[in-house]
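# Chain and residue survey
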Amino acid sequence: MNPPTLTLSAVSHTYGRTQALRDATLSVAPGEVVAVTGPSGCGKSTLLLLAAGVLRAQSGRVTVAGTELSGVDDTARALVRRRSIGLVLQFGQLVPDLPVRDNVALPLLLEGHPAADARAAADGWLDRVGLAVGPDTLPSELSGGQAQLAAAARALVHGPALLLADEPTASLDTRSGRALLDLMLATTVAAGGAVLLVTHDNTVAARADREVRLRDGVIEHEVALS
Amino acid sequence: MKTSTAWLIGRPRTSAGRTRTLLVAGGAAVGGGLLIAAAAVLRVPAEEVRYLDGGGTVSSSSGEYSSLVVQAGLRPGVLTGILLLVLPALALAWQAVTTGSARRAAVHEGLRLSGATPADLRRVAMLEPAVAGAFGGLLAGAVYLALWLLLHVAAPASARLLPGLSPLDAVAWLVVIALSTLVGGVAGALAATPRRRRPVRAWPRLLAVGVGVLALVAAVSAPRDIDRHARSTTLLCAALVVLALGLLSTGSIWVTARARRLARSGTAVDVLAAGGLRTLAGPAGRTAGTTCVAGLVIGVVGSLTGLLLEPQHSLSESLPGILFALLAGLLAMLAAVASLVLAATDDLVTTRRAVASTAALGADPTVLEQVQRRRLAVVTTGPLLAGVLLGGLYAPGAQSPIALGTVLLTVALALLLARALAVAVTRVLRPQLARAAAPSSLRVA
Amino acid sequence: MSLTELHLALLAGAPRHGYDIKQEHDAWFPDSRPLPFGQVYATLARLQRDGLAEVVETRVDGGPERTVYALTDAGDERLRAWLTEPAPPTGTGAEEIVRKTIAALHTGIDVQGHVARQRAVHLRRMRELGQVPPGASPAERLVREHLIAHLDADLRWLDLATDLLRSSPTPPERTHS
Ligand SMILES: Nc1ncnc2c1ncn2[C@@H]1O[C@H](COP(=O)(O)OP(=O)(O)OP(=O)(O)O)[C@@H](O)[C@H]1O
Ligand SMILES: [Mg+2]
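Sequence order sets the numbering: in each chain, residues are counted from 1 along the sequence as written. Each chain is given a letter, starting from A, and each ligand a number, starting from 1, according to the order in which they appear as written. Note on the predicted model: pLDDT of at least 70 is required for a residue's local features to be given, and 80 or more for side-chain atom pairs to be given and counted; whole-chain, interface and lining totals, by contrast, use all residues. Side-chain numbers here rest on the full set of heavy atoms in the structure, without hydrogens or water.

This part is about the sheet that holds strand E2 (residues 18-28) of chain A. Residue and element names in this part refer to chain A. Criterion used throughout: strands pair if DSSP finds at least two bridges between them. A run of DSSP states H or I qualifies as a helix once it reaches four residues; a run of E qualifies as a strand once it reaches two. Both are numbered from the N-terminal end. Taken together, the four strands give an open sheet; going across it, the order is E2-E1-E4-E5, and neighbouring strands pair in antiparallel fashion. The sheet terminates laterally at E2 and strand E5 (67-68), the two strands that pair on one side only. Bridge count between strand E4 (residues 59-64) and E5: two bridges; the pairing is antiparallel. Bridged to Thr63 within E5 is Glu68. The strands that helix H1 (residues 44-51) touches are strand E1 (6-15), E2 and E4; relative to E1, the one it contacts most, it runs at about 120°. In what follows, residue pairs with any heavy atoms lying within 4.5 Å of each other are defined as contacts. A fitted line through C-alpha atoms serves as each axis, taken over the contacting stretch for helices, and the angle formed by two N-to-C directions is quoted from 0 to 180°.

Below, the discussion takes up the sheet that holds strand E1 (residues 16-17) of chain C. All names here are of chain C. The antiparallel open sheet is built from three strands, whose spatial order is E1-E3-E2. Of all the strands in the sheet, just E1 and strand E2 (53-59) have a single pairing partner and so form its edges. Pairing of E1 with strand E3 (residues 66-71), which is carried by two bridges, proceeds in the antiparallel orientation. Its bridge partner lying in E3, Arg16 is registered against Tyr69.

In this section: the arrangement of the chains. Summarising the chain contacts, two pairs of chains touch, and the pair with the most contacts is chains A and B. In this view chain B stays clear of chain C, with the nearest C-alpha atoms of the two still 30 Å from each other.

Residues and elements named next belong to chain A. For Ala65, which is not a glycine, the phi torsion comes out positive at approximately 45°. Checked against the element boundaries, Ala65 lands in the loop between E4 and E5. One non-glycine residue with positive phi stands out, namely Asp216, at about 50°. Here Asp216 lies in the loop between strand E9 (210-215) and strand E10 (218-224). Burial classes: relative accessible area under 20% of the type maximum marks a residue as buried, over 50% as exposed, and values in between as partly exposed (1.4 Å probe, protein chains only). The class for Asp216 is exposed, based on a relative accessible area of 57%.

To continue, consider a nonpolar patch on the surface. Residue and element names in this part refer to chain B. The patches reported here contain residues having more than 30% relative accessible area and no salt bridge. Joining distances are 9 Å for like charges and 5 Å for nonpolar side chains (Val, Leu, Ile, Met, Phe, Trp, Tyr). Calculation of accessible area relied on Shrake-Rupley with a 1.4 Å probe; when residues are assessed, cover is drawn exclusively from the protein chains displayed. Salt bridge, as used here: a side-chain nitrogen of Lys or Arg that lies within 4 Å of a carboxyl oxygen of Asp or Glu. Together, Trp94, Leu168, Val171, Val175, Leu179, Leu182, Val183, Val186 and Leu190 give the surface a local cluster of nonpolar side chains, amounting to about 820 Å² of exposed area. A total of eight residues in the nonpolar patch trace back to one element, the largest contributor, which is helix H7 (residues 167-192). The residue Trp94 is located in helix H4 (residues 75-98) in this model.

Before going further, it helps to examine the pattern of salt bridges. If you walk through the whole model with that rule in mind, you get 33 salt bridges over all chains. For Arg210 of chain A, the salt bridge goes to Glu222 of chain A, with nearest N and O atoms at 2.2 Å. Here Glu222 of chain A lies in strand E10 and Arg210 of chain A lies in strand E9, a separation of 12 residues in the sequence. You can call Glu222 of chain A partly exposed: its relative accessible area is 38%. With a closest N to O distance of 2.7 Å, Arg213 of chain A and Asp159 of chain C form a salt bridge. Taken as a pair, Arg213 of chain A in strand E9 and Asp159 of chain C in helix H7 (residues 138-167) lie in two separate chains rather than in one.

Opposite the 29 residues of chain A that make contact, chain B presents 22 residues. By definition, the buried area sums, over both parts, the 1.4 Å-probe accessible area that each loses when the two are put together. Between chain A and chain B lies a buried interface of about 2200 Å² when both sides are counted; carbon and sulfur atoms form 63% of it. Broken down residue by residue, the surface that chain A buries against chain B is led by Pro96, Asp97 and Leu110 of chain A, which jointly contribute 26%. On the surface where chain A and chain B come into contact, there are one salt bridge. Asp120 of chain B is paired through a salt bridge with Arg82 of chain A; the nearest N and O atoms lie 2.4 Å apart. Counting of polar contacts relies on pairs of N or O atoms within 3.5 Å, with two restrictions inside protein: one atom must be capable of donating a hydrogen and the other of accepting it, and residues adjacent in sequence are counted only when both atoms are side-chain atoms. Here chain A and chain B share five residue pairs in polar contact (both at pLDDT 80 or more) between them.

Further remarks concern the domain arrangement of chain B. Residue and element names in this part refer to chain B. Domain borders in the structure are assigned automatically or taken from a domain database. You can read the domains of chain B as domain 1 (1-74 + 93-195) and domain 2 (250-445). Computed from C-alpha coordinates alone, the two centres of domain 1 and domain 2 are separated by 24 Å. Here domain 1 and domain 2 share an interface that buries about 1400 Å² over both sides, 67% of which is from carbon and sulfur atoms. Viewed at the interface, domain 2 and domain 1 are joined by zero salt bridges. Our count for the domain 1 to domain 2 interface comes out at three residue pairs in polar contact (both at pLDDT 80 or more).

Now for the confidence of the model for chain B. Per residue, pLDDT captures the predictor's confidence, and it can take any value from 0 to 100. Looking at chain B as a whole, the pLDDT averages 81, with 88% of positions reaching at least 70. Across the assembled chains, the prediction reports ipTM 0.83 with pTM 0.74.

So, about the packing of aromatic side chains. Residues and elements named next belong to chain C. A pair of Phe, Tyr and Trp rings is counted when the ring centres sit within 6.5 Å of each other, with Trp represented by its six-membered ring. The angle between the planes then sorts it: under 30 degrees is stacked, over 60 is edge-to-face, the rest tilted. Here the structure, examined in full by the defined rule, presents two aromatic pairs over all chains. Centroid distance Tyr19 to Phe37: 5.7 Å. Interplanar angle 20°. Geometry classified as stacked. Here Tyr19 is found in helix H2 (residues 18-28), whereas its partner Phe37 is found in helix H3 (residues 37-49), with 18 residues between them in sequence. For Phe37, a relative accessible area of 36% puts it in the partly exposed group. Residues Phe37 and Tyr41 carry aromatic rings whose centres are separated by 6.4 Å and whose planes lie at 15° to one another, so their mutual orientation is stacked.

This part takes up the site of ligand 1. All names here are of chain A. Residues are classed as near a molecule or strand on a simple rule: at least one heavy atom within 4 Å of it. Every residue close to ligand 1 is listed here: Tyr15, Thr18, Ala20, Ser40, Gly41, Cys42, Gly43, Lys44, Ser45, Thr46 and Gln90. Backbone polar atom of Gly41 to an oxygen atom of ligand 1: 2.7 Å apart, as the coordinates give it. The separation between an oxygen atom of ligand 1 and a polar main-chain atom of Gly43 is 3.0 Å. When isolated, ligand 1 has an accessible area of 640 Å², and the protein chains bury 60% of it. Of all the elements in the fold, those that place two or more residues in the shell around ligand 1 are E2 and H1. Here the shell around ligand 1 takes three residues from H1, the largest share from any one element. Following the grouping adopted for this structure description, the nonpolar residues are Ala, Val, Leu, Ile, Met, Phe, Trp, Tyr, Cys and Pro, the charged ones are Asp, Glu, Lys and Arg, and the polar ones are all others, Gly among them. Here the residues of the shell around ligand 1 sort into three nonpolar, seven polar and one charged.

With that out of the way, let us pick up helix H14 (residues 365-392) of chain B. By definition here, a helix of n residues has an expected span of 1.5 Å times n minus one. Helix length check: H14 of chain B (28 residues) gives 39 Å between terminal C-alpha atoms against 40 Å at 1.5 Å per residue, within 8%. Of all bends in H14 of chain B, the biggest is about 35°, found at Ala377 of chain B. Values of bend correspond, residue by residue, to the angle between axes fitted over the seven residues ending at that residue and the seven starting there.

On the secondary structure map, Asp117 of chain A appears in helix H4 (residues 115-129). For the pair formed by Asp117 of chain A and Pro39 of chain A, sequence separation is 78 residues and the distance between their alpha carbons is 42 Å.

To continue, consider the nonpolar core. Here the nonpolar core consists of buried residues drawn from Ala, Val, Leu, Ile, Met, Phe, Trp, Tyr and Cys, with membership extended through side-chain atoms lying within 4.5 Å. Counting 91 residues, the largest nonpolar core has Val69, Ile82, Leu162, Leu216, Leu243 and Leu247 of chain B as the members making the most contacts within it. If you tally residues by element for this core, the top one is helix H11 (residues 281-308) of chain B, at 12 residues. Split by domain, this core shows at least three residues from each of two domains, domain 1 (1-74 + 93-195) and domain 2 (250-445) of chain B. In contact with Val69 of chain B, not counting residues within four places along its chain, are Val41, Val44, Arg75, Val78, Arg160 and Leu161 of chain B. Counting 66 residues, the second largest nonpolar core, distinct from the first, contains Leu185 of chain A together with Val111, Met126 and Leu155 of chain C.

Below you can see the structure in the form of structure tokens.
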């Protein structure tokens, strides 16, 4: 059995006085899809940001592709994020003022790939997610759903070992949402990647191999679906 | 990350971004050109005064230069004047570097999520201001050349402030280029460093202002002693710099206090104006600081003009000084106007969504414009007046009734000017306001 | 039919007589058809016969004579066994999931476990339905989508039910009538 791609052990996080996550323990194996569900404000996004190393775990350990994120500095965590993680956040989070195409090419650009190659790859992924934009289209010219498609393309462009997606289909209609989910899961799983999906949509959660249910910052239950 | 990648990501793309670059370059160019000029003034042969037994004096001056730069007692004054002009130029450049901070924070967050390391982020943040700084440094040469043409070639001997060109000017230029590039980069990195939200401690800043005021009064009212003139002018210089820095840093305190007052007053316009001021206390405070420093320069200029009009100076002798002072005042004004326009534009760009939602909720354009004008008034009228009054301290310190008169005149003019500015800038920005209030701004993240 | 177990649930809190049970049932399920007395008495008799309930008291307070029933240990066991088993994820004709959930919420027997198991079977079924065999006809796809939508509605209702329970310390009040 391969070692898990993502492991959280006894991770807690507090914002000021709000305890958003308490003692969360969870792991995702290569090729596995795990859905994190729960009511609004239960700490799903917090868990995802901790897994991405965007937030630093205040206690407990987070390990991604063999690197323990809590034990390394910001630079090392950024490198893990750039090389091993694809991140789709709840609100798209594209870089404003940077053309959509360059936004999608960003992980490759940061990694030092020549701009022409990175842009060609970005065009390929924009095509696959079904978003037609010109080379100079800006994120502010996209609809909410289109921004989400672009964010998904950006998360997939570098073939990450771990795909972290926060409500990736929330602003898409049923059909586009399903198509995007199909693409994200199929490409990542086929390449042996692991997926952590945050959602409050049961039809999205039903695509996972396992459901982890959060309530008030605590993992309430975890069930296998496959 | 490769520098080309950093440039691809960080280069200015929007018109707001390009304005920022231009202003940083412009501020650096003016500041740098003036610094080269200040260094050149030091090269003017100083007059040596010998005291004759009979009580008269003999000057070694050849009469080639204005007495302003030749006399040991006046030259530091000229240098102070130049330095005072450098300050608003640099304050403006710094303000330009820090504009659009909300936007840039969003850019940084997006980059960070895609895996940019802290070093990458710093590089992206530094590159554009550094390039702008370098550009400004290059332009500083042209600014100096213009000053040289004006104050050496074109000026009559009695008004000649600058010596002929020399290789030393080129050295000074190179130093200015290097410095402005470096300072630009560092300023960019500083402006991008997320600051922990600490409560702003008011007293160290107010203390700096207090110390500056005391030092200014002490320096001005010290007995005039030919031998120690250089030292007292140095003290004056230091006092003004401390005061200016103190004033720059107290801007946000002023803005926050005013916002609190406005929020309590209760009319819709005041409450809306207060909201914007509070969330943008930093940028608005920097504008207030820049305006205040411009006011300080104008106040000092008013006093100096009065002093130069005293009957003991002949008009032909003091005319260049007066013109020079007026030019300084004009430049300070320009800095204040640029700072205002910059701040107001930045404010509109940053709060576009808020403006659009206010409009969508049913606020009509005149209300939006009033809100805009109220905010501008907060960062102009008070700070400008405070600066002029502080600069005006120069006059009573020097115990010159004429100077006191010119200071009062300057205060009155400044008041009128502040009013006119707030109105004019609002008028100029009307199209931008309309664009911000347009429904398409509702979706700008 | 699960009416037997539902009667056990209605008896779980405290011993009750037939009229009480009918009242309680109608309060639990305000929207459904009121429980006929005849059915209550028949069910109670059957429960007693099977050793799942017993007569603990015969009360006469002014009115007609009333027989008070209580759960036996076997009855309690049977109730718990029923609640341990999630309702079949059928999507349509979902009375069973409603009965079970309401019974679990009212009796307080392992509510969290019930929700987890119910979510699991529903999600599993949705997952199966989502894996459309290649070459399936559009009509078949649509039938599957219909089922998925119903199962999703069940799960959302389940969330709502547990949230309501959490936010009110006492069992849900009668909402209609
Ligand atoms: N930056 C923050 N500062 C303070 N509190 C925060 C912050 N981010 C989240 N919280 C709080 O932490 C809790 C968990 O937030 P989180 O965003 O993880 O919820 P979520 O499960 O993703 O909710 P949703 O389904 O609405 O997206 C909430 O109570 C929220 O108010
Ligand atoms: Mg969230």
